[in-house]
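Descriptive structure summary
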Amino acid sequence: MNEIRALLEKFEIGTQTWFDYEELINLEPKDFEPFYKLAYNLKTQNFGNELKIYTPNKRFPAISITGTGCALHCEHCNKKYLHGMIPILNNNDLEAFLMDLANKDGVGALISGGCLPDGSVPLLGFLDTIKKIKKKTNLIINVHTGLLSEETARKLAEVGVDIVSFDINMDEEIIHEIYHLDKDLDDYKRAIEIMKKYKLNIVPHICIGLHYGKLHKELESIKFIKESGLNPSLIVLIALIPPKNSKTKFISPRPIDIAKVISIIRFIFPRSETSLGCMRPRGAVKVEIEKSAIRAGITRIEIPSKKTLKWIKVEDSDVNFNFLSACCAIPKEFEIFARSKASDLKSYQI
C-alpha cells in the first residue's frame, strides 16, 4: 500500500516518469481507484463539466472508396468494417453523393476504404473531387489515409481536408501479425513527419487491446505521440472488438485496461481532448467500458448507451451533455455547426 501511495503522490504533484506509467499499467483494479479520481478531476479542471456526445447518423456517413476490397486481410477486421460503409468507387458518384448530402442538411463525411499492399488507402485519385466539394459546400471532410505518400499528403493539404484520422501504432508484432504489413515503426514515423510537413490536422487514433485483446505497447504509442511533437488537440481511443471468424484467439479488452490507457493520456496531455470512438466492444461489457472511460477523463464519446448517460448524471449531477451530429474526431471550430444539426437526437434525451 505504501508503494501505491508513493506512486499516487508522484502523479498528484506531476513528477511521474515513463517508468511510473508502466507501474500504473500493471496496477490491480482495486489499486487504480484513486487514479480514476485524479484523472477525472484533471479533466474537470481543464474542460469543466461538459461531456460531448457524438452521433454521426445519416448526417456524417462513412464512405469506402474501395467498396469491400482490401489487400491486407487484417486479423482483427478482414474487411468486416468496410461492409458497414457506403461503397462509392468513382468520382462522379462521390461528387453526386456528397452534393446530395450537403443539400439534405448533412454535416460531413468520413472518406475511408481498404488498403493497398503498402498500407495506404488509395485516396489520391479522389482528391480533386473532394477539393471541388470543399469549395461548394460546408461539409467537414475526415479521411483515413493509412501509410500515405508525400504526394498524397501534399494534395490533402492543397484540397483542405479538415481531419486526417491516423492510427498510431508502435508495436511491430501488430504491424506484422495483425496487419500483415511488410512495414516497420519507421514507416509510421515517416508518415507522421510527412503530414506534419504539410501541416495537416492529424487526429491520432489508438486502438486499445489490438494485440489479441491485451495491453501490449499502447504506452509506446502514447510516448511516440508525445515525443513526435504532435501536441494534438484531440486523441481518439478505440478498442478491439474480438473478431468471430479469426483463426487466432482474441479476447475483449478489459474495461480497466481501457481506463488505464485513457487516464495515462489525460495525465500526459492534460489540455488535449480525448474521445471514446465508435469502435469498441458491444454487448454486456459496453456500458462498463463507457463508464470506465468517463471516469478516466474523456471529454467526448460516440454513440453511448442511455444507461451510461443516466449513470453519469447520478455520479456527477453537474455534468452537462452537449449533443453533436458528427463523428467524434471533428475539430472544435466545427462544433457549433455540428450542434446545430443535432436537434433530432431526441432518443438521447434523458
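Here's the deal with a negative patch on the surface
There is a patch of like negative charges on the surface, built from Glu-3, Glu-22, Glu-23, Glu-220 and Glu-227. Put simply, the parts of the chain that give the negative patch at least two residues each are α2 (18-25) and α9 (218-227). Relative to the elements of secondary structure, Glu-227 occurs in helix α9. The class for Glu-227 is exposed, based on a relative accessible area of 56%.

So, the sheet that holds strand β6 (residues 163-167)
The sheet built from eleven strands is open, its strands ordered β3-β2-β4-β5-β6-β7-β8-β9-β10-β1-β11 with parallel pairing. Both outer strands of the open sheet, β3 (86-87) and β11 (320-324), are each paired with one neighbouring strand and no more. Of the pairings in the sheet, the one linking strand β2 (residues 62-64) to strand β4 (residues 108-112) comprises three bridges and is parallel in character. Note on β4: the bridge partner recorded for Ala-62 is Leu-110.

Here's the deal with the state of the cysteines
A complete count under the given rule lists zero disulfides for this structure. Not part of a disulfide, Cys-207 finds its nearest cysteine sulfur in Cys-77, a span of 11 Å. Residue class for Cys-207 comes out buried when judged on its relative accessible area of 14%. With no disulfide partner, Cys-278 has as its closest neighbouring cysteine sulfur the one in Cys-328, 6.6 Å distant.

Points about helix α12 (residues 306-315)
Every buried residue of α12 is accounted for by Thr-308, Leu-309, Trp-311 and Ile-312. Projected down its long axis, α12 carries its buried residues within an arc of 160 degrees, all on one side. Of the residues in α12, the exposed ones pointing more than 90 degrees away from the buried face are Lys-307 and Val-314. Where the residues of α12 are buried, they touch α3 (29-47), β1 (50-54), α11 (285-295) and β11. N-capping of α12 is provided by Ser-305, with a side-chain oxygen placed 3.0 Å from the backbone N of Lys-307.

Looking at the packing of α11 against α12
The contact between α11 and α12 brings their axes to 9 Å, and the two run at 40 degrees. One finds that α11 runs oblique with respect to α12. Crossing angle aside, the handedness with which α11 passes α12 is right-handed. Every residue of α12 that contacts α11 at Val-287, Glu-290, Lys-291, Ile-294 and Arg-295 is listed here: Lys-307, Thr-308, Trp-311 and Ile-312.

Notes on the packing of aromatic side chains
Enumeration according to the criterion identifies nine aromatic pairs in this entry. Ring geometry for Phe-32 and Phe-35: centres 6.0 Å apart, planes at 20 degrees, overall stacked. One end of the pair is Phe-32 and the other is Phe-35, both in helix α3 and three residues apart, which spans about a single turn. Looking at Phe-32, the relative accessible area reads 0%, which means it is buried. With a centroid separation of 6.3 Å and 70 degrees between ring planes, the pair formed by Phe-321 and Phe-323 is classed as edge-to-face. Taken as a pair, Phe-321 and Phe-323 share a single burial class, namely buried. Taken together through their ring pairs, the aromatic side chains of Phe-11, Trp-18, Tyr-21, Phe-32, Phe-35, Tyr-36 and Phe-267 make up a single cluster. The positively charged end of Arg-295 is found above the aromatic ring belonging to Tyr-36, 3.8 Å away from the centroid.

Quick word on the environment of Glu-28
Mapped onto the elements of the fold, Glu-28 is located in the loop between α2 and α3. Taking the relative accessible area as the measure of exposure, Glu-28 reaches 47% and is therefore partly exposed. For the pair formed by Glu-28 and Ile-256, sequence separation is 228 residues and the distance between their alpha carbons is 9.1 Å.

Structural notes on the layout of surface pockets
Taken as a whole, the second largest pocket holds about 290 Å³ of empty space. Surrounding the second largest pocket, 15 residues form its lining, Glu-75, Asn-78, Pro-243, Asn-245 and Ser-246 being those nearest its centre. Class assignment for the residues of the lining of the second largest pocket results in five nonpolar, six polar and four charged.

Here's the deal with α9
Spacing of three or four residues puts side chains on the same side of an α-helix, whose turn is 3.6 residues. Every buried residue belonging to α9 is among Glu-218, Leu-219, Ser-221, Ile-222, Phe-224 and Ile-225, and all of these are buried. As for α9, its buried residues are in contact with α2, α8 (185-197), β7 (202-208) and α10 (255-268). Looking at the residues trailing α9, positive phi occurs at Gly-229, about 80 degrees.

Notes on the environment of Lys-260
Of note, Lys-260 is situated in helix α10. Between the alpha carbons of Lys-260 and Phe-97 there is a distance of 41 Å; along the sequence they are 163 residues apart. Here Lys-260 is in contact with Leu-24, Ile-25, Asn-26, Leu-27, Phe-32 and Arg-254, once residues within four sequence places are set aside.

How each quantity is defined
Residues numbered from 1 in each chain as written. Predicted model: local features only at pLDDT ≥ 70, side-chain atom pairs only at ≥ 80, totals over all residues. Heavy atoms only, no water. Patch = residues over 30% accessible without salt bridge, like charges linked within 9 Å, V, L, I, M, F, W, Y side chains within 5 Å. Areas by Shrake-Rupley, 256 points an atom, 1.4 Å probe, with all protein chains shown as cover. Salt bridge = Lys/Arg side-chain N within 4 Å of Asp/Glu carboxyl O. Lys, Arg positive; Asp, Glu negative; His and termini not counted. Charge placed at Lys NZ, Arg CZ, Asp CG, Glu CD. Helix = DSSP H or I, 4+ residues; strand = E, 2+ residues; numbered from the N terminus. Buried < 20%, exposed > 50% of the residue type's maximum accessible area, 1.4 Å probe, protein only. Pairing = 2+ DSSP bridges. Disulfide = S-S within 2.5 Å. Arc of directions from axis to C-beta. Contact = heavy atoms within 4.5 Å. Polar contact = N/O pair within 3.5 Å; in protein donor to acceptor, adjacent residues only side chain to side chain. Axes fitted to C-alpha atoms, helices over the stretch in contact; angles between N-to-C directions. Parallel < 35°, antiparallel > 145°, perpendicular 65-115°, else oblique. Left-handed = near helix turned anticlockwise from the far one by under 90°. Phe/Tyr/Trp six-rings, centres within 6.5 Å; stacked < 30°, edge-to-face > 60°. Lys NZ or Arg CZ within 6 Å of the ring centre and 35° of its normal. 1 Å grid on protein atoms, 1.4 Å probe; cavity = no way out; pocket = protein on both sides within 12 Å on 5 of 7 lines; lining within 4 Å. Points joined across faces, edges and corners; volume = space filled by probe spheres on them. Nonpolar A, V, L, I, M, F, W, Y, C, P; charged D, E, K, R; others polar.

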